[in-house]
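Descriptive structure summary
Each chain, written out:
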Amino acid sequence: MFGVFIMVRHLYLVGYDVGDDDRQDTIRNQVKNYAFGGQLSAYECYLTNQDKTQLQKQLNKYLAHQDAGCVIQVHQTYWQTKPRKSPIFNPTDDFLYIG
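Every value quoted in this text rests on a predicted model; they were computed, and no experiment measured them. (Residues numbered from 1 in each chain as written. Predicted model: local features only at pLDDT ≥ 70, side-chain atom pairs only at ≥ 80, totals over all residues. Heavy atoms only, no water.)

**Side note on the packing of helix 1 (residues 21-32) against helix 2 (residues 49-62)**
Axis separation between helix 1 and helix 2 bottoms out at 10 Å; the angle between their running directions is 175°. Our classification of the angle between helix 1 and helix 2 gives roughly antiparallel. Between helix 1 and helix 2, the contacting residues are Arg23, Thr26, Ile27, Gln30 and Val31 on the first element and Leu55, Gln58, Leu59 and Tyr62 on the second. Classifying every residue of the contact of helix 1 with helix 2 by side-chain character gives 5 nonpolar, 3 polar and 1 charged. (Axes fitted to C-alpha atoms, helices over the stretch in contact; angles between N-to-C directions. Helix = DSSP H or I, 4+ residues; strand = E, 2+ residues; numbered from the N terminus. Parallel < 35°, antiparallel > 145°, perpendicular 65-115°, else oblique. Contact = heavy atoms within 4.5 Å. Nonpolar A, V, L, I, M, F, W, Y, C, P; charged D, E, K, R; others polar.)

Structure representation (structure tokens):
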């Protein structure tokens, strides 16, 4: 009997600040291969450990010394803590999301 292999994906925020337009396009395309959402130079990516390692290698390959990049695991999102039908923001929240 064969065992079941489950690949667990975690949410990561992948961001970069690249000065050269050509490198920026290359990096954006590499990150978008994994992304399900994002804006400009920050993307939300659900990655397996293998995906994360591969993406980090790709970023390291194209980022120059004057550039910056990060892959940060998100453990809980704002929307996971709010009821689905409540459009009301709490005035004590420390941020506001419009989207």
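There is more to say, and it comes next.
**A look at the pattern of salt bridges**
Per the counting criterion, the structure on display carries 4 salt bridges. Between Asp20 and Arg23 there is a salt bridge; the shortest N-O distance is 3.9 Å. For Asp25, the salt bridge is made with Arg28, and the minimal N-O distance between the two is 2.8 Å. Taken as a pair, Asp25 and Arg28 lie in helix 1 at a separation of 3 residues, close to a single helical turn. Note on Asp25: relative accessible area 37%, which makes it partly exposed. (Salt bridge = Lys/Arg side-chain N within 4 Å of Asp/Glu carboxyl O. Buried < 20%, exposed > 50% of the residue type's maximum accessible area, 1.4 Å probe, protein only.)

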